[in-house]
Amino acid sequence: AVGRLGDGEPALLVSLLSELALALLLTDQEARRRQAAERAVRIAEHSGRTELLARAVLADRLLMTRPDRAPERLARTEGFVHLSRPEINAEQLVRMHMWRITDCFELGDRAGVDRELTALVDVAAEIGQPYWVWLAATWQALCTFVDGDPAAAEEQAAAALEHVADLGHPETTLAYGMQLV
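About the cut-offs
- Residues numbered from 1 in each chain as written.
- Predicted model: local features only at pLDDT ≥ 70, side-chain atom pairs only at ≥ 80, totals over all residues.
- Heavy atoms only, no water.
- Helix = DSSP H or I, 4+ residues; strand = E, 2+ residues; numbered from the N terminus.
- Buried < 20%, exposed > 50% of the residue type's maximum accessible area, 1.4 Å probe, protein only.
- Lys, Arg positive; Asp, Glu negative; His and termini not counted.
- Salt bridge = Lys/Arg side-chain N within 4 Å of Asp/Glu carboxyl O.
- Contact = heavy atoms within 4.5 Å.
- Axes fitted to C-alpha atoms, helices over the stretch in contact; angles between N-to-C directions.
- Parallel < 35°, antiparallel > 145°, perpendicular 65-115°, else oblique.
- Nonpolar A, V, L, I, M, F, W, Y, C, P; charged D, E, K, R; others polar.
- Patch = residues over 30% accessible without salt bridge, like charges linked within 9 Å, V, L, I, M, F, W, Y side chains within 5 Å.
- Areas by Shrake-Rupley, 256 points an atom, 1.4 Å probe, with all protein chains shown as cover.
- Polar contact = N/O pair within 3.5 Å; in protein donor to acceptor, adjacent residues only side chain to side chain.
- Phe/Tyr/Trp six-rings, centres within 6.5 Å; stacked < 30°, edge-to-face > 60°.

Participant: I'd like to hear about the side chain of Arg-33, residue by residue, with values.
Facilitator: Along the chain, Arg-33 turns up in helix H2 (residues 30–47). Within the buried set, Arg-33 has no salt-bridge partner at all; the shortest N-O distance to an opposite charge, 4.1 Å, is to Glu-30. With residues up to four places along the chain from it excluded, the contact list for Arg-33 reads Ala-21, Leu-24, Leu-25, Thr-27 and Leu-63.

What follows is the structure, encoded as structure tokens:
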């Protein structure tokens, strides 16, 4: 179905191809997943629209999950994290900072973790959406735990959960449970 669209609707194509690549992430269809992500990036680059390229790059970076690819993932998103709105959608930016935290953790770059966490907290507050505020607070709790203060981390994890108490999102309870382990 995506093939029949042609390249006439870049926003729709980039969204569909990016989602297809992500949907194929948990399958054994690596070649198809890679093709979808690469096509999304090509179309986004050709469109000249920063927000489309950010969308495609976010999907593409999720396909580079091995720890040895953390430097590549950081490099792919570096140009976006310094953009101002409206050049990049705040939700795309918050996702980029979230994933960059994991990259910095994988590289043992604690200063990078702290830098990306500060940016994540700031953008999440700007958006004001409960899920993103919760996510930022959850990362703060994890960092507190890594810093060696499990009691404070537990308090922060419980406080983070309050941001999403009314949402009923299964991810939030799962994350809270994992933080308590």
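Participant: Which residues make up the packing of helix H1 (residues 10–23) against helix H3 (residues 50–62), and what are the values?
Facilitator: Relative orientation of the contacting elements H1 and H3 amounts to 10 degrees, with a least axis distance of 9 Å. Judged by the angle between their axes, H1 and H3 are roughly parallel. The segment H1 lies against H3, with Pro-10, Ala-11, Val-14, Ser-15, Ser-18, Glu-19 and Leu-22 engaging Leu-52, Arg-55, Ala-56, Ala-59 and Leu-62. Its residues assigned to classes, the contact of H1 with H3 shows eight nonpolar, two polar and two charged.

Participant: Residue-level account of a nonpolar patch on the surface, with values.
Facilitator: Judged by side-chain polarity, Leu-142, Phe-145 and Val-146 come together as a nonpolar surface patch covering roughly 240 Å² of accessible area. Summarising the element assignment, Val-146 is placed in helix H7 (residues 130–146).

Participant: Lay out the environment of Asn-89 in plain terms, naming residues and giving numbers.
Facilitator: Positionally, Asn-89 belongs in the loop between helix H4 (70–78) and helix H5 (90–107). With 39 residues separating them in the primary sequence, Asn-89 and Thr-50 have C-alpha atoms 9.3 Å apart. Of note is the side chain of Asn-89, whose polar atom sits 2.6 Å from the backbone nitrogen of Glu-91.

Participant: So what's going on with the packing of aromatic side chains? Residues and values would help.
Facilitator: All chains considered together, the criterion is met by three aromatic pairs. On the numbers, 6.2 Å between centres and 25 degrees between planes, the contact of Phe-105 with Trp-139 is stacked. Here Phe-105 is found in helix H5, whereas its partner Trp-139 is found in helix H7, with 34 residues between them in sequence. Measuring from ring centre to ring centre gives 5.0 Å for Tyr-131 and Trp-132, while their planes differ by 80 degrees; the resulting arrangement is edge-to-face. Judged by relative accessible area, which is 6%, Trp-132 ranks as buried.

Participant: Kindly report on the side chain of Arg-73, identifying the contributing residues and their values.
Facilitator: Note that Arg-73 resides in helix H4. For Arg-73, a relative accessible area of 3% translates into the label buried.

Participant: For the environment of Glu-87, give the residues involved together with the corresponding values.
Facilitator: Along the chain, Glu-87 falls in the loop between H4 and H5. Given a relative accessible area of 39%, Glu-87 falls into the partly exposed group. Linking Glu-87 and Ala-54, residues 33 residues apart in sequence, is a C-alpha distance of 9.8 Å. Residues in contact with Glu-87, not counting those within four places in the same chain, are Thr-50 and Glu-51.

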